[in-house]
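The lines below spell out each chain.
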Amino acid sequence: MNETLKAENPVLPYLRQDRLPHIWCPGCGIGSTVNCFARALTESKLDLDKVAIVSGIGCTGRVAGYMNLDSFHTTHGRAIPFATGLKLGNPNLKVVVYSGDGDLFAIGGNHFVHAARRNMDLTVICVNNSTYGMTGGQVAPTTPLGATQTTMPYGNFEPPFNLPFLAEACGAVFVARWTVFHVRQLIRTMKEGLAKRGFVFIEVLAPCPTLYSRRNKLGDGVDQVKYYKERSAVKDGADTREVGLSFQGDIAVGKFVDRDRPTWLDAMNRHYSSVLHDYHEVGHAED
Amino acid sequence: MAENAPAVKGKGTVFVRLEVCKGCSYCIDFCPTKCLAFSKEFNAKGYHYPVLAKPEGCVGCDLCGLYCPDFAIFGVRLKDLEKAPRK
Ligand SMILES: Cc1ncc(C[n+]2csc(CCOP(=O)(O)OP(=O)(O)O)c2C)c(N)n1
Ligand code: SF4
Ligand code: SF4
Ligand code: SF4
């Protein structure tokens, strides 16, 4: 032991340390995404008093409660509507939604679709572990065909969503995907997403060793991250129709969509300025 | 909660909060210089934790810190550490 050199983990100031250790299983990938998010916040130089984080229910849904930011842990599937209210009630906030694939795309799918359509100014980070982790590994709208789940004991026969395609088709202005292997790229993309105005969608593939890997005989969390390393290929600007995922198959990663269109607030301001006489515009955080 | 660095021989070193490590091996497998290895000892929860097996190999890149899902390890470059105020 070298007694003279001391330092503190740079992620800890971003966490509510009284709530640690966290509940996540050994080798669960959610914590790695949190490291990247903390780093992206540092690099973004955002005023942390003006950043709010909202999660739904699930293992990923715990993230909001662990972050040392203004945070809210909503009911299952309702992170986006809560975040929408928060943003419109105080447009000066940068509002981040951080939740699981089941929360955002099963029970919360309808909210996702409409927030993207409206181009609501939200940064949505989805940790996709292909399953419902918290409740015991039921089939999710993201479970690849053929994967075994508690509710699909003979393998999944439901076609999953291709999340980047769904996000683009609904109107998201920024769509990207990385995996837990791509920590540096994920930091860069989170930083870029935080700076972007409008509906931003970042999908992060992460292992759920306890309920997905084990049930499918895929080894531990680290084995799934090795699979991400081996089978991922960077395809910036790829046609999102072609980035769907298959069971342990190839993974397209990168930034697929980066475009601009008026946010919901922009559209409202423009419209009311033209039809109402003494209308005062409502600003954005970036303005 | 400042942690002590184990050994310093290369350009960098790591700090490990061994009691919160869950032995997932992310840091060991994805360290670019392969300078970490599992301890022989167990922590209080029964997990083997990483030790700097080849201290001369650590470059302080902090990839281990970015991967660790339990916030149990991080790496620093010595030149950054010397600049930082002592805690
Ligand atoms: C209204 C309601 N229905 C169902 C549940 C049970 N439930 C809790 S978390 C969850 C799914 C979580 O899956 P996901 O969002 O993928 O998160 P993960 O745990 O995998 O991170 C379900 C169905 C609930 N809490 N509330
Ligand atoms: S059940 Fe799965 S998603 Fe939930 S903490 Fe454990 S490994 Fe992570
Ligand atoms: S700081 Fe970099 S080189 Fe050192 S142990 Fe961590 S990953 Fe390996
Ligand atoms: S990545 Fe973290 S939890 Fe996993 S073995 Fe290394 S120090 Fe332990």
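Residue positions are given per chain, counting from 1 as you read along its sequence in written order. Naming scheme: in the order in which they are written, chains are lettered from A and ligands are numbered from 1. Given that the model is predicted, a residue must reach a pLDDT of at least 70 before its local features are reported, and side-chain atom pairs must reach 80 or more before they are shown or counted; all residues, however, enter totals for whole chains, interfaces and linings. Only hydrogens and water are removed before side-chain values are computed, so all heavy atoms of the structure are retained for them.

(A) Quick look at the interface of chain B and chain A. Taken together, the 33 residues of chain B in the interface contact 37 residues of chain A. Approximately 3100 Å² of surface area, both sides summed, lies buried where chain B meets chain A, with 60% of it carried by carbon and sulfur atoms. Only one rule defines a salt bridge in this text: a Lys or Arg side-chain nitrogen within 4 Å of an Asp or Glu carboxyl oxygen. Counting across the chain B and chain A interface gives two salt bridges. When the shortest N-O distance is used, the salt bridge between Asp62(B) and Arg39(A) registers 3.0 Å. By the criterion applied in these results, polar contacts are pairs of N or O atoms within 3.5 Å in which, for protein atoms, one can donate a hydrogen and the other can accept it, and in which residues neighboring in sequence qualify only through two side-chain atoms. For the interface between chain B and chain A, the tally reads 13 residue pairs in polar contact (both at pLDDT 80 or more). Going through the elements one at a time, β1 (3-5), α1 (26-30), α2 (63-67), β5 (73-77) and α3 (78-83) of chain B are the ones with two or more residues in the side of chain B that touches chain A. Contacts are assigned to residue pairs that have any heavy atoms within 4.5 Å of one another. Buried area: the accessible surface (1.4 Å probe) lost by two parts on joining, summed over both. A run of DSSP states H or I qualifies as a helix once it reaches four residues; a run of E qualifies as a strand once it reaches two. Both are numbered from the N-terminal end.

(B) Here's a closer look at the site of ligand 3. Residue proximity to a molecule or strand is established when one non-hydrogen atom of the residue lies within 4 Å of it. Around ligand 3, the structure places 14 residues, and the nearest of them are Cys31(B), Cys58(B), Cys61(B), Asp62(B) and Cys64(B). As a working rule, the residues Ala, Val, Leu, Ile, Met, Phe, Trp, Tyr, Cys and Pro are called nonpolar, Asp, Glu, Lys and Arg charged, and the rest polar, with Gly in that last group. The class makeup of the residues in the shell around ligand 3 is ten nonpolar, three polar and one charged.

(C) Structural detail: the site of ligand 1. All names here are of chain A. Taken together, 16 residues are adjacent to ligand 1, and Cys59, Thr60, Gly102, Asp103 and Gly133 come closest. Interatomic distance of 2.8 Å between a backbone N/O atom of Cys59 and an oxygen atom of ligand 1. Within the backbone of Gly133, a nitrogen or oxygen atom sits 2.8 Å from an oxygen atom of ligand 1. Look at ligand 1: alone it shows 590 Å² of surface, and the protein chains cover 73% of it. Put simply, the parts of the chain that give the shell around ligand 1 at least two residues each are α4 (101-107) and β6 (131-132). With four residues, the top contributor of residues to the shell around ligand 1 is α4. For the accessible areas, the method is Shrake-Rupley and the probe is 1.4 Å, while residue cover comes only from the protein chains on display.

(D) Focus on the sheet that holds strand β3 (residues 70-73) of chain A. All names here are of chain A. By the convention used here, strands pair only if DSSP detects at least 2 bridges between them. Taking strand neighbours across the sheet as the criterion, the eight strands line up as β3-β2-β4-β5-β9-β8-β11-β10 in an open arrangement whose pairing is mixed. Of all strands in the sheet, those bounded by a partner on one side alone are β3 and β10 (232-234). Shown here is a sheet whose adjacent strand axes are inclined to one another by a mean of 20°, direction ignored. Summarising the sheet, strand β8 (residues 174-179) and strand β9 (residues 200-205) pair through six bridges and their orientation is parallel. Within β9, the position partnered with Ala176 by the bridge is Ile202. On top of the sheet, helix α7 (residues 183-195) reaches β4 (94-100), β5 (123-128), β8, β9 and β11 (251-258); it is set at about 160° to β8, its chief contact. Here an axis means a line fitted to C-alpha atoms, over the contact stretch when the element is a helix, while the angle between two N-to-C directions is reported on a 0 to 180 degree scale.

(E) Just the confidence of the model for chain B, in detail. Known as pLDDT, the predictor's confidence for each residue is given on a scale from 0 to 100. For chain B, per-residue confidence averages 90 on the pLDDT scale, and 87% of positions sit at 70 or higher. Listed scores for the predicted complex are pTM 0.96 and ipTM 0.94.

(F) Expanded view of the environment of Pro32(B). With respect to the element layout, Pro32(B) can be found in the loop between α1 and β3 (36-38). With 45 residues separating them in the primary sequence, Pro32(B) and Arg77(B) have C-alpha atoms 14 Å apart.

(G) The state of the cysteines, seen in detail. Residue and element names in this part refer to chain B. The disulfide criterion is simple: two cysteine sulfur atoms within 2.5 Å. A full pass over the atoms with the stated rule returns zero disulfides over all chains. Left without a disulfide partner, Cys35 is nearest to the cysteine sulfur of Cys31, which lies 3.7 Å away. With relative accessibility at 3%, the residue Cys35 sits in the buried group. The classification of residues rests on relative accessible area computed with a 1.4 Å probe and restricted to protein chains. Under 20% of the type maximum is buried, over 50% is exposed, and intermediate values are partly exposed.

(H) Structural context of unusual backbone geometry. All names here are of chain A. That bond from Leu20 to Pro21 is cis: its omega, 0°, falls within 30 degrees of zero. Within the secondary structure, Pro21 sits in the loop between β1 (2-7) and α1 (30-44). For Asn119, which is not glycine, the phi torsion reads 50° and is therefore positive. For Asn119, the position within the fold is in the loop between α5 (109-118) and β5. Judged by relative accessible area, which is 0%, Asn119 ranks as buried.

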